[in-house]
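Below, each chain spelled out in residue letters.
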Amino acid sequence: MAGSDGRKNEARLREDVIDGYRRLAFGSNRDTLKLMFRDEPPGPETLGRMDIYNVSSIKRDKSGALEIKFYDRCDALEHLEAFCAATDSMEGVKAFYDAIARSIED
């Protein structure tokens, strides 16, 4: 039973990682643009509702100019591709191992 929970947790983690890379690679910048053109900084409640997942840092300089840096979409796509390839490879290895284990039990 514990093995089943471990596999479910691994699958959930894998999906979370894939979802995160997808959001970085394909996410919208709409809320970030809204943030850039505001006269006043938003309050915590407003900021909490904004989708700024793909923003790596935000700085305001002495003159009040806002500097926003984004995660690299190409990097996110490359990591997503590599992660999916590694996951597919590991699934194949696991299936092979499980088949061997079943044949030994029979």
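The following paragraphs examine the structure supplied in this document. Quick caveat, the model's predicted, so the values are computed rather than measured. (Residues numbered from 1 in each chain as written. Predicted model: local features only at pLDDT ≥ 70, side-chain atom pairs only at ≥ 80, totals over all residues. Heavy atoms only, no water.)

Concerning the overall build of the protein
Right, on to step 1. Broken down by element type, the protein carries 4 helices and 2 strands.
Right, on to step 2. The helix and strand sequence of the protein, counted from the amino end, reads α-α-α-β-β-α.
Right, on to step 3. Looking at the protein residue by residue over its 106 residues, the buried ones come to 15%.
Right, on to step 4. For the protein, the share of sequence-separated contacts (at least 6 apart) that also reach a separation of at least 24 residues comes to 51%. (Helix = DSSP H or I, 4+ residues; strand = E, 2+ residues; numbered from the N terminus. Buried < 20%, exposed > 50% of the residue type's maximum accessible area, 1.4 Å probe, protein only. Contact = heavy atoms within 4.5 Å.)

Description of a negative patch on the surface
Right, on to step 1. Residues Asp72, Asp75, Glu78 and Glu81 make up a contiguous surface patch of negative charge.
Right, on to step 2. Looking at the element boundaries, Glu81 is found in helix H4 (residues 73-105).
Right, on to step 3. With a relative accessible area of 59%, Glu81 lands in the exposed category. (Patch = residues over 30% accessible without salt bridge, like charges linked within 9 Å, V, L, I, M, F, W, Y side chains within 5 Å. Areas by Shrake-Rupley, 256 points an atom, 1.4 Å probe, with all protein chains shown as cover. Salt bridge = Lys/Arg side-chain N within 4 Å of Asp/Glu carboxyl O. Lys, Arg positive; Asp, Glu negative; His and termini not counted. Charge placed at Lys NZ, Arg CZ, Asp CG, Glu CD.)

Regarding the side chain of Thr32
Right, on to step 1. Within the secondary structure, Thr32 is located in helix H2 (residues 30-36).
Right, on to step 2. The class for Thr32 is buried, based on a relative accessible area of 1%.
Right, on to step 3. What Thr32 contacts, discounting residues up to four positions off in sequence, is Asp51, Ile52, Asn54, Val55, Ile68 and Phe70.

Quick notes on the packing of aromatic side chains
Right, on to step 1. Across all of its chains, the model carries 0 aromatic pairs by this definition.
Right, on to step 2. The ring of Tyr53 carries Arg23 above its face, with NZ or CZ at 3.8 Å from the centroid. (Phe/Tyr/Trp six-rings, centres within 6.5 Å; stacked < 30°, edge-to-face > 60°. Lys NZ or Arg CZ within 6 Å of the ring centre and 35° of its normal.)

A short note on the environment of Arg49
Right, on to step 1. Relative to the helices and strands, Arg49 resides in helix H3 (residues 44-49).
Right, on to step 2. Polar contacts involving the side chain of Arg49 include one to the side chain of Glu45, which spans 3.1 Å. (Polar contact = N/O pair within 3.5 Å; in protein donor to acceptor, adjacent residues only side chain to side chain.)

Quick word on the pairing of strand S2 (residues 66-70)
Right, on to step 1. As paired elements, strand S1 (residues 55-60) and S2 share 5 bridges and run antiparallel to each other. Bridging from a neighbouring strand, Ile58 pairs with Ile68 of S2.
Right, on to step 2. Connecting S1 to the antiparallel partner S2 that follows it, the hairpin turn spans 5 residues, and Gly64 within it adopts a positive phi of roughly 95°. (Pairing = 2+ DSSP bridges.)

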